[in-house]
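# Summary of the model geometry
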Amino acid sequence: MTLLRVCCVLTALSFALVTFGASTEDDSEAAALATLAAALADTQRSIAKAQSAVQDFQEQHSDLLAVHSALQLSHSTLSADHKQLATVFDNVASLHANEQDFQRRTLASNVMCKDYDDAHLIADGAVVFEGDAIVVSGDEQVSVADAVATATSNAVAVDALRDWMCLPSSSGTLAKLYQSVSTLSATSASAFQVGNTTFLAVTNTYNGSSFEVESAVYRFNETTTEFELFQDIPTSGASLLRSFSIGERDFLAVANQQQDGSLVVQSPVLIYNTSSARFKVFQQFETLGARAWEHFRIGGTDFLAVANMQNDTSDQVQSVVYRYDNVTESFEPFQAINTSGAIDWEHIATGNADFLAVANYRTSNTYNVKPVVYVYNSTSAQFEFFQEIDVTGVVDLEHFRIGDVDFLAVMSYYDGSSYAVESAVYRYDNAADMFVPFQVLDTIGALDCEPFQIGDTTFLAVANYYDGSSNDVESVVYRYDEVATRFQPFQSISTGGARDWEYFSVGETHFLALSEYVWGTSSGVTSVFLCDAFCFTQQE
């Protein structure tokens, strides 16, 4: 019954009831009239419910129409995606069918990855993933973003990425060659800044016939993003150029080994002239086969220590610590210390003490001498003996920190019979108030090491120079493993006469400079390597 017909019936009934009520006063008829009125009220309520149900049905019908439209749009989108994926699949299948030389990546054989040897990550050209990448295997899903987000450090994050990609951690590549600087005999490189400009000073020791050669200072050109020759520095068998600053003045100390056949030679300290934009001589020092300079500050006083290796007759000579006089604006002798074939000085500032360690390399024809650590006594204003380091044939000392712990890397070159000797890392023990052995490193004629940090990951680059018969040996970069609390070999680099590593950064870009020179030849090279933000690049 339509709503119109119901209204007509109700109208007729109402008219009949009015007429009937006017023509009778009989009680039975009144009762019948009441019954009919009640029935009419029930009918009205039923009609109201029916109207509400019709309205609900109309609303549901509209919702169903909207859902149907959305499903049609989703179906069209999925159909388009399916066609696109089918095209990609056909292209990949064609690649496999047409390229006979195609080889899949070899996956790691660990427990996590061994069941997924059919997995592929295929990219054409350079690819950048935005957002997250999800790997699905059956009902399991692995999120790369989740793996990295739960990591506690950069190193752990990268390990998580490598696990996800089924790659062993040893497949990482620390650095990529960025620029090579050809030099006469690159024995060391030192990076420093003057204002906002980055410089790289490279020492030339020997040209095959003479020690009177020029060393070079290169300047980083931010326009070409390369190092360009800035200034040639006259040197005499130079072994090191060391930069430092006092106030707003910038200095460059030159360690000359010999001149005109004599090991008694003048070694200058240069100062940067802001007017001429060149380094010029600031002060000359008489040195004895100088091998290194070390600048440091105790309180408000600047010091400069030279490592004298030998004079013309003996390697039992004194190395000298100089103190900067603010009144005369020059360095004055502060303390002479007996050394044996000294190669290097290293200043170590801990929370409550200043140490100065010297790398004693040899005495006469024996190599059974050890590095000595001195401590600064503020009462006597002198450096006093503190302890020996139980390693022989030492040529390099490097201080670094991991967290709040102080370490001292000790590189050994030769022990008198072999170049395959153990170098070491020592740790300063606050409770015992001494340096204690932390880890042994197997090295091959190591001449230098360079500790550095990128993000929260610590590295140690070791320059292996000679194995007893050849200079073509591998140098090794170690990475500190926070879980094992040890340095682990991270990357081996083929080197020919590696002498020095130098870490530095330009803005947010990280670099490693490697100096290589085989003694007696007429040419060497300093190679500048580029590290990315993680200092990891996947090795193919």
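Further remarks concern the overall build of the chain. Each helix and strand counted, the chain has four helices and 32 strands in total. Burial status across the chain gives 44% buried among its 540 residues. The long-range fraction of contacts in the chain, counting pairs at least 24 apart against all pairs at least 6 apart in sequence, stands at 43%. Counting every atom, the chain has about 28,500 Å² of accessible surface; 50% of that belongs to carbon and sulfur.

It is worth spelling out the side chain of S185 at this point. With respect to the helices and strands, S185 occurs in the loop between β4 (176–183) and β5 (186–194). Reaching out from S185, the side chain makes a polar contact with the backbone nitrogen of T205 at a distance of 2.7 Å. Not counting chain neighbours up to four residues away, the residues in contact with S185 comprise T203, N204, T205, Y206, Y517 and G524.

Let us now look at the sheet that holds strand β18 (residues 354–360). Pairing is antiparallel across the open sheet formed by four strands, whose spatial order is β17-β18-β19-β20. Looking at which strands have only one partner, the edges of the open sheet turn out to be β17 (342–349) and β20 (382–388). Strand after strand, the sheet turns through a mean of 25° between neighbouring axes, direction not considered.

Right, let's get into the sheet that holds strand β11 (residues 264–273). The antiparallel open sheet is built from four strands, whose spatial order is β9-β10-β11-β12. If you trace the sheet from one side to the other, it starts and ends with β9 (238–246) and β12 (278–288), each paired once. On average, adjacent strands in this sheet sit at an angle of 20° to one another, irrespective of strand direction. Taken together, the three bridges between strand β10 (residues 249–256) and β11 define a ladder with antiparallel strand orientation.

What follows deals with the packing of aromatic side chains. Within this structure, the stated rule accounts for 49 aromatic pairs. Residues F452 and F459 carry aromatic rings whose centres are separated by 5.2 Å and whose planes lie at 15° to one another, so their mutual orientation is stacked. An aromatic cluster of at least three residues, connected via ring pairs, comprises F244, F251, F282, F285, W293, Y322, Y324 and F331. Over the aromatic face of F230 sits the side chain of R278, whose NZ or CZ is 4.5 Å from the ring centroid.

Among the nonpolar cores identified, the biggest contains 33 residues, and F244, W293, F296, V321, F331, W345 and F383 are the most heavily contacted of them. Excluding residues that lie within four positions of it along the chain, V321 makes contacts with F296, F303, L304, A305, E332, P333, F334, Q335, I337, L356 and F383. Judged by nonpolar contacts, the second largest core, of 17 residues, contains A353, V394, L408 and Y428.

In this section: the pattern of salt bridges. For the structure on display, the rule yields four salt bridges. Note that R297 is salt-bridged to D302, the shortest N-O span being 2.7 Å. Taking relative accessible area as the criterion, D302 reaches 6% and is therefore assigned buried. In this structure, R362 and D315 form a salt bridge, with 3.5 Å as the shortest nitrogen-oxygen distance. Residue R362 is found in the loop between β18 and β19 (372–377), and its partner D315 is found in the loop between β14 (301–308) and β15 (316–325); the two are separated by 47 residues along the sequence.

Here we come to the confidence of the model for the chain. Within the chain, residue pLDDT values average 82, and 73% of them lie at 70 or more. In this model, residues 533–540 is a region of pLDDT below 50 whose contacts with residues beyond four sequence positions or in other chains number 25 contacts.

For the rest of this paragraph, the subject is unusual backbone geometry. Even without a glycine there, the phi angle at T225 is positive, about 55°. Mapped onto the elements of the fold, T225 is located in the loop between β7 (212–221) and β8 (226–236). Even without being glycine, S364 reaches a positive phi, approximately 55°. Topologically, S364 is positioned in the loop between β18 and β19.

Attention now moves to the pairing of strand β24 (residues 434–444). Where strand β23 (residues 420–429) lies against β24, 10 bridges are found, and the strand directions are antiparallel. When the sheet's bridge partners are listed, R427 is paired in β24 with V436. Connecting β23 to the next strand, β24, in antiparallel fashion are four residues, including D433 with a positive phi near 55°.

Now for the side chain of H295. Here H295 is to be found in strand β13 (residues 290–298). Polar side-chain contacts of H295 include one of 2.9 Å to the side chain of D302. Excluding its chain neighbours within four sequence positions, the residues that come into contact with H295 are F244, S245, I246, D302, F303 and L304.

Positionally, R427 belongs in strand β23. For R427, a relative accessible area of 27% translates into the label partly exposed. The residues touching R427, leaving out its near neighbours within four places in the chain, are V405, D406, F407, M434, F435, V436 and F438.

In this fold, G299 is placed in the loop between β13 and β14. Sequence separation between G299 and D354 is 55 residues; the distance between their C-alpha atoms is 10.0 Å.

The next subject is the environment of V476. The topology assignment puts V476 in strand β27 (residues 472–481). Those residues in contact with V476, other than ones at most four positions away along the chain, are L460, A461, V462, N464, P489, Q491 and S492.

Rules of the game
- Residues numbered from 1 in each chain as written.
- Predicted model: local features only at pLDDT ≥ 70, side-chain atom pairs only at ≥ 80, totals over all residues.
- Heavy atoms only, no water.
- Helix = DSSP H or I, 4+ residues; strand = E, 2+ residues; numbered from the N terminus.
- Buried < 20%, exposed > 50% of the residue type's maximum accessible area, 1.4 Å probe, protein only.
- Contact = heavy atoms within 4.5 Å.
- Areas by Shrake-Rupley, 256 points an atom, 1.4 Å probe, with all protein chains shown as cover.
- Polar contact = N/O pair within 3.5 Å; in protein donor to acceptor, adjacent residues only side chain to side chain.
- Pairing = 2+ DSSP bridges.
- Axes fitted to C-alpha atoms, helices over the stretch in contact; angles between N-to-C directions.
- Phe/Tyr/Trp six-rings, centres within 6.5 Å; stacked < 30°, edge-to-face > 60°.
- Lys NZ or Arg CZ within 6 Å of the ring centre and 35° of its normal.
- Core = buried A, V, L, I, M, F, W, Y, C linked by side-chain atoms within 4.5 Å.
- Salt bridge = Lys/Arg side-chain N within 4 Å of Asp/Glu carboxyl O.
- pLDDT = per-residue confidence, 0-100.

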